[in-house]
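The residues making up each chain are set out below.
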Amino acid sequence: MSDCCSKPSKKPLEACPQCGIERKPVTMRTVYQQVRFPENQQIVADNYYFCPSRGCSSAYFSSTGNSIAKSLLITQQAIQNETLCYCFDISSACYQSALQTHTADAIKNFVIQRTKLAECACEVRNPSGQCCLAKFKQLEKESAVSSKFINDQ
Ligand SMILES: [Zn+2]
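Rules used in this analysis
Residues numbered from 1 in each chain as written. Predicted model: local features only at pLDDT ≥ 70, side-chain atom pairs only at ≥ 80, totals over all residues. Helix = DSSP H or I, 4+ residues; strand = E, 2+ residues; numbered from the N terminus. Contact = placed C-beta atoms within 7 Å. Pairing = 2+ DSSP bridges. Buried ≥ 20, exposed ≤ 12 C-beta atoms within 10 Å, placed from the backbone. Arc of directions from axis to C-beta.

(A) Up close: the overall build of the chain. Looking only at helices and strands, one finds seven helices and seven strands in the chain. Starting at the N terminus and walking to the C terminus, you meet the elements of the chain as α-β-β-α-β-β-β-α-β-β-α-α-α-α. Sequence-distant contacts, at least 24 apart, represent 55% of the contacts inside the chain between residues at least 6 apart.

(B) Representation of the pairing of strand E4 (residues 58-62) in the model. Sheet topology places strand E3 (residues 48-50) next to E4; three bridges connect them, and they run antiparallel. Residue pairing in the sheet places Tyr49 in a bridge with Phe61 of E4. Of the strand pairs in this sheet, E4 and strand E5 (residues 67-69) are connected by three bridges, and their pairing is antiparallel. Paired with Tyr60 across the bridge in E5 is Ile68. The antiparallel hairpin formed by E4 and E5 contains four residues in its connecting segment, where Gly65 sits at a positive phi of about 100°.

(C) Expanded view of the sheet that holds E5. In space, the five strands of this open sheet follow the order E1-E2-E3-E4-E5, with antiparallel pairing throughout. Either end of the sheet is taken by a strand with one partner, and the two such strands are strand E1 (14-15) and E5.

(D) Spotlight on the pairing of strand E2 (residues 22-25). Bridge analysis of E1 against E2 gives two bridges, and the strand direction is antiparallel. Bridge pairing in E2 places Ala15 opposite Glu22. What sits between E1 and E2 in their antiparallel hairpin is a turn of six residues, with Gly20 showing a positive phi close to 80°. Of the strand pairs in this sheet, E2 and E3 are connected by two bridges, and their pairing is antiparallel. Directly across from Lys24, in E3, lies its bridge partner Phe50.

(E) Region of interest: the environment of Arg125. Mapped onto the elements of the fold, Arg125 is located in helix H6 (residues 122-125). Arg125 gets classed as buried once you count the C-beta atoms within 10 Å, which come to 22. Sequence-wise, Arg125 and Asp89 are 36 residues apart; in three dimensions their C-alpha atoms are separated by 9.8 Å. For Arg125, the residues in contact, after removing those within four places along its chain, are Tyr86 and Cys87.

(F) Spatial organisation of helix H4 (residues 92-100). Among the residues of H4, those classed as buried are Ser92, Tyr95 and Leu99. Down the axis, H4 shows its buried residues gathered within 70° of arc, on one side only. Against the buried residues of H4 lie strand E6 (83-85), strand E7 (90-91), helix H5 (104-116) and helix H7 (133-145). Count one or two residues on from H4 and you reach His102, which has phi positive near 60°.

(G) Structural detail: unusual backbone geometry. A cis amide bond links Phe37 with the next residue in sequence, Pro38, at an omega value of 5°. Residue placement: Pro38 occurs in the loop between helix H2 (28-34) and E3. With phi around 60°, Asp89 is a residue other than glycine that occupies positive phi space. Within the secondary structure, Asp89 sits in the loop between E6 and E7.

Written as structure tokens, this is what we have:
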């Protein structure tokens, strides 16, 4: 597995100043790969956290008051489309419907296989910098409990 998929962050969470929900840290590498030009020229080096909420305008924020809006991200549209896997362009809706038609295993196995061969790029493609496989499991659980809509975290 590549680094992004094998090492979940153990750093403490930080509350998003926009929505108040505690969020996970990201690396500067992720921030630099996500912010558009020319705004990427203005990024202040800091310890940033990512807010994944579609309803929150803040993408990255730091405890010292630096913040970067979602509108400045390359993945802005993908976030709004509830992308599940940014490396291989798989949406949550697509995976949910695959779960309902029992064709989800092939999709997930494809992602697991790519991940094992370090052919994913979560740290730069995913605005959270994290591997998406945990999200796949989360959707499976939600789909098993009920087929209701997923929440935003
Ligand atoms: Zn937020």
